[in-house]
Amino acid sequence: MRIDLGHEEPPEIGLIALIDCIFFLLMFFMVATSFRQDKPNKPEKELPVQLPAAQASLDAAHAAAAPLALGVDRQGRVYVGSERVSVQGLHDVLKREAARDPQRRVRIDGDAQVPYQEIVHVLDLCQFEGFTNIALHTRH
């Protein structure tokens, strides 16, 4: 025998209660999360370490040769050391230096505002002449 309990209503999801729970969780995480941002260019603290003295050091006469310093200024002009050179002049200097010592280190000092393609052009010239030890100089 079946008992009639009346008209059955289909189950409903309480949408208002669900929205309240979502907003509560959102507020909880907003309050609990720290929105602290590091300041740009903040100098790092030095470690409280006193370095030991070395018993032997590298003699300056036996040290590696100074790197060949190439510069690219904001307008894309190229310098070898402090002397401004043309692209052909840079090619000639690199060819001469590669003939003397192909393992010589090369350092490229590029201005922060120079288009990256100018740096890549100097890099390509260095690699074309056979230099493999190339560094990009940055400030720290």
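Just so you know, the residues in each chain are numbered from 1, in the order the chain's sequence is written. Thresholds applied to this predicted model are a pLDDT of at least 70 for local features of residues and 80 or more for the giving and counting of side-chain atom pairs; totals over whole chains, interfaces and linings are not thresholded and use all residues. Each side-chain value is derived from all of the structure's non-hydrogen atoms; neither hydrogens nor water enter the calculation.

Participant: Sorry, what's going on with the pattern of salt bridges here?
Facilitator: Close approach of charged atoms allows side chains of opposite charge to pair. We define a salt bridge as a contact between a side-chain nitrogen of Lys or Arg and a carboxyl oxygen of Asp or Glu at a distance within 4 Å. Scanning the entire structure with this criterion turns up five salt bridges. Taking the shortest distance from any N to any O, the salt bridge between Asp-73 and Arg-77 comes out at 2.8 Å. Salt-bridge contacts for Arg-100 lead to Glu-97; the nearest nitrogen and oxygen are separated by 3.3 Å. Of this pair, Arg-100 and Glu-97 both sit in helix 2 (residues 87-100), three residues apart, which is roughly one turn of the helix. Each residue's exposure class comes from its accessible area (1.4 Å probe, protein chains only) as a fraction of the maximum for that residue type: buried when under 20%, exposed when over 50%, partly exposed otherwise. By relative accessible area, which is 63% here, Arg-100 ends up exposed. For Glu-97, a relative accessible area of 8% puts it in the buried group. Taken together, the shared-partner salt bridges connect Glu-97, Arg-100 and Arg-104 into one network. Comment: elements are numbered from the N terminus, with helices defined as DSSP H or I runs of at least four residues and strands as E runs of at least two.

Participant: I tried to follow a nonpolar patch on the surface on my own but got confused; where do I start?
Facilitator: For patches, a residue must show more than 30% relative accessible area and have no salt bridge; joins then use 9 Å for like charges and 5 Å for nonpolar side chains, namely Val, Leu, Ile, Met, Phe, Trp and Tyr. The Shrake-Rupley method, run with a 1.4 Å probe, gives the accessible areas here. Residue values count only the displayed protein chains as cover. The grouping of Ile-13, Leu-15, Leu-18, Ile-19, Ile-22, Phe-23, Leu-26 and Met-30 at the surface amounts to a nonpolar patch, some 840 Å² of accessible area in total. Note that Ile-19 resides in helix 1 (residues 15-32). The exposure class assigned to Ile-19 is partly exposed, which follows from its relative accessible area of 40%.

Participant: Is there a simple way to explain the environment of Leu-125 in this structure?
Facilitator: Within the element layout of this structure, Leu-125 appears in helix 3 (residues 116-128). Between the alpha carbons of Leu-125 and Leu-94 there is a distance of 7.8 Å; along the sequence they are 31 residues apart.

Participant: Please explain the sheet that holds strand 3 (residues 83-85) as it appears in this structure.
Facilitator: Taken in spatial order, the five strands make up an open sheet running 3-2-1-4-5, and their pairing is mixed. Every interior strand has two partners, whereas the edge strands, strand 3 and strand 5 (134-137), have only one. Going across the sheet, the axis of each strand differs from the next one's by a mean of 30°, ignoring polarity. DSSP calls a pair of strands paired once it identifies at least 2 bridges connecting them. Pairing between strand 1 (residues 68-72) and strand 4 (residues 106-110): five bridges, direction parallel. Residue pairing for strand 4: Val-72 is matched across the bridge by Gly-110. Two residues form a contact once any of their heavy atoms are found within 4.5 Å. Note on definitions: angles span 0 to 180 degrees between N-to-C directions of axes, and those axes are lines fitted to C-alpha atoms, for helices only across the stretch in contact. Sheet contacts for helix 2: strand 1, strand 2 (78-80) and strand 3; angle to strand 1, the most-contacted strand, approximately 165°.

Participant: Sorry, what's going on with the confidence of the model for the protein here?
Facilitator: Detailed reading of the predicted coordinates is not advisable wherever pLDDT is low. In the predicted model, the protein carries a mean pLDDT of 79, and the fraction of residues at 70 or more is 74%. The element-level mean pLDDT for the protein is lowest in strand 5, coming to 84, with helix 2 highest at 92. Note: pLDDT gives the predictor's confidence per residue, expressed from 0 to 100.

Participant: Would you mind going over the pairing of strand 5 with me for this structure?
Facilitator: One ladder, built from four bridges, connects strand 4 with strand 5; its direction is parallel. The residue of strand 5 that forms the bridge with Ile-108 is Leu-136. Taken together, strand 4, helix 3 and strand 5 form a β-α-β motif whose crossover is right-handed. By convention, a crossover is right-handed whenever its connection, traced from the first strand over the helix to the second and viewed with the strands pointing away, goes clockwise.

Participant: Explain the packing of aromatic side chains to me, please; I cannot follow it from the model alone.
Facilitator: Here the distance between the centres and the angle between the planes together describe a pair of aromatic rings. Aromatic pairs are defined between Phe, Tyr and Trp rings, using the six-membered ring for Trp, whenever the two ring centres lie within 6.5 Å; interplanar angles under 30 degrees are classed as stacked, those over 60 as edge-to-face, and all others as tilted. Under the definition given, this model contains one aromatic pair. On the basis of an interplanar angle of 70° and a centroid distance of 5.4 Å, the ring pair of Phe-28 and Phe-29 is categorised as edge-to-face. Under the relative-accessibility criterion, Phe-28 is labelled partly exposed at 48%.

Participant: Honestly, the pairing of strand 1 in this entry has me stumped. Any pointers?
Facilitator: Each regular strand shows side chains that alternate between the opposite faces of the sheet. Along strand 1, five of the five residues are buried, which leaves the element largely enclosed by surrounding structure. Residues Leu-68, Leu-70 and Val-72 point to one face of strand 1 and Ala-69 and Gly-71 to the other, with burial holding for every one of them. Here three bridges tie strand 1 to strand 2, and the two strands are oriented antiparallel to one another. When the bridges of strand 2 are listed, Gly-71 appears paired with Tyr-79. Here strand 1 folds back onto strand 2, and the loop between the two strands holds five residues, one of which, Gly-76, carries a positive phi near 90°.

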